[in-house]
Amino acid sequence: MKLLLIFNLLINSFGHQGDKDVPHGIVFVHHGLHIEIQIDRKNGRNDIAGIKDVIIESALTTIVDCEDSIAAVDVYDKIQLYRNWLGLMKGNFEARLMQGHKAIVRELRPDRIYNPKTDNELRLSSRSLLFIRHVGRLLYTDVILNNDNQEIPQGILDALITILIAVHDLNDRAKDKIKNSRKGSIYIVKPKQHGPEEVTFTSHLCNRIEDLLKLPRHTLKVGIMDEERRTTINLSACIRESEDRLVFINTGFLDRTGDEIHTSMEAGPLIQKNLNEKHKLVYGL
Ligand SMILES: *[C@@H]1O[C@H](CO)[C@@H](O)[C@H](O)[C@H]1NC(C)=O
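Criteria and thresholds
Residues numbered from 1 in each chain as written. Predicted model: local features only at pLDDT ≥ 70, side-chain atom pairs only at ≥ 80, totals over all residues. Heavy atoms only, no water. UniProt positions renumbered as here; feature names shortened; annotations may be inferred. Patch = residues over 30% accessible without salt bridge, like charges linked within 9 Å, V, L, I, M, F, W, Y side chains within 5 Å. Areas by Shrake-Rupley, 256 points an atom, 1.4 Å probe, with all protein chains shown as cover. Salt bridge = Lys/Arg side-chain N within 4 Å of Asp/Glu carboxyl O. Lys, Arg positive; Asp, Glu negative; His and termini not counted. Charge placed at Lys NZ, Arg CZ, Asp CG, Glu CD. Helix = DSSP H or I, 4+ residues; strand = E, 2+ residues; numbered from the N terminus. Buried < 20%, exposed > 50% of the residue type's maximum accessible area, 1.4 Å probe, protein only. Near = heavy atom within 4 Å. Polar contact = N/O pair within 3.5 Å; in protein donor to acceptor, adjacent residues only side chain to side chain. Nonpolar A, V, L, I, M, F, W, Y, C, P; charged D, E, K, R; others polar. Phe/Tyr/Trp six-rings, centres within 6.5 Å; stacked < 30°, edge-to-face > 60°. 1 Å grid on protein atoms, 1.4 Å probe; cavity = no way out; pocket = protein on both sides within 12 Å on 5 of 7 lines; lining within 4 Å. Points joined across faces, edges and corners; volume = space filled by probe spheres on them. Domains from an automatic or database assignment.

As annotated in an unreviewed UniProt entry, the chain carries the name Malate synthase TIM barrel domain-containing protein and is attributed to Rotaria magnacalcarata. The UniProt entry for the chain carries the following text under Cofactor (unreviewed entry): "Mg(2+)".

A.B. asks: I'd like a description of a negative patch on the surface, backed by residues and values.
C.D. replies: On the surface, Glu 197, Glu 241, Glu 243 and Asp 244 cluster together into a patch of negative charge. Of note, Glu 243 is situated in the loop between α6 (235-241) and β15 (246-251). According to the relative accessible area criterion, Glu 243 is exposed, its value standing at 54%.

A.B. asks: Please set out the site of the ligand residue by residue, giving values where relevant.
C.D. replies: Near the ligand, the surroundings consist of Pro 196, Glu 197, Asn 234 and Ala 237. Within the contact set of the ligand, an oxygen atom lies 2.3 Å away from a side-chain nitrogen or oxygen of Asn 234. Protein burial of the ligand: of its 360 Å² of free accessible surface, 38% is covered by the chains. Its residues assigned to classes, the shell around the ligand comprises two nonpolar, one polar and one charged.

A.B. asks: With reference to specific residues and values, describe the packing of aromatic side chains.
C.D. replies: The geometry of an aromatic ring pair is captured by the separation of the ring centres together with the interplanar angle, meaning the angle of the planes. All told, the structure shown has two aromatic pairs when counted by the stated rule. Between Phe 131 and Tyr 187, the ring centres sit 5.2 Å apart and the planes meet at 40°, which makes this aromatic pair tilted. Linking Phe 131 in strand β10 (residues 129-133) with Tyr 187 in strand β13 (residues 186-190), this pair joins segments that are 56 residues apart in sequence. Across this residue pair, the class does not change: Phe 131 and Tyr 187 are buried. Here Phe 131 and Phe 248 contribute two aromatic rings whose centre-to-centre distance is 5.5 Å and whose plane-to-plane angle is 45°, an arrangement assigned as tilted.

A.B. asks: Tell me what's going on with the layout of surface pockets, and back it up with residues and numbers.
C.D. replies: Within this model, the largest pocket holds a volume of roughly 410 Å³. Lining the largest pocket are 21 residues; nearest its centre among them are Glu 57, Ser 58, Leu 60, Ser 125 and Ser 126. When residues of the lining of the largest pocket are assigned to their parent elements, the largest contribution, four residues, is made by strand β3 (residues 33-39). In terms of residue class, the lining of the largest pocket is made up of nine nonpolar, seven polar and five charged. Each of domain 1 (2-56) and domain 2 (61-266) accounts for three or more of the residues forming the lining of the largest pocket.

Structure follows, in structure tokens:
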């Protein structure tokens, strides 16, 4: 009880879990981020205040990747990828894995409810907001062949299928459905765009898919990876081309490095950065 009093005096408490007088969780908010102090007299018995754990809200968004951090190279990989995304968007995703000899199931954690059964009952998501990253514009795939028996652009396939799947998240508004978007949007990360023309292409593709699926204009939100020189030198034009959808600009360091090498290798010998005295001796500088 003393502990609760002190907390309330020191910081604005935002809510509690369990009984008001004997809560098993107290949550605080700072700059819009939540901190939950979990209290459990049984499992927290080494602590005189009974504190079992402190959960700090962080990593507000997570990218589910169709691109470089996975290796989806054939039709089976792509289907598995789309199936995982389907589970995440329907809220019924399950992953079964072995921990030692024990089989465990990972699933999506439901929302946390604070101040239950009071006028200011509050609900916080227990999950970070999911973005889906499509592959870049240059890749083709044989998952679908066109009329001429040629591979189709993989980025367009990713866009169409993952957005179609994400409509589940927008349509099922049942109270206990595990939802991703809190605002009725679908969040996309588009990598490897080379300058404003390619950003315009992405915007047009989003318009076309919204029309096809009868989604309100600008339901699709896009984060731009700034990782190619033509994007970096003309970032303001890239922002203008996507201003109604843009949710972030992020630097990708691997593609950035590749692009630097590719662009600079034609320009003649380079002087390395951060040369120390020993290196200068070796290179005779
Ligand atoms: C930046 O992009 C705009 C729009 O595509 C174009 O008109 C302009 O020439 C570009 N500037 C540079 C420096 O590439």
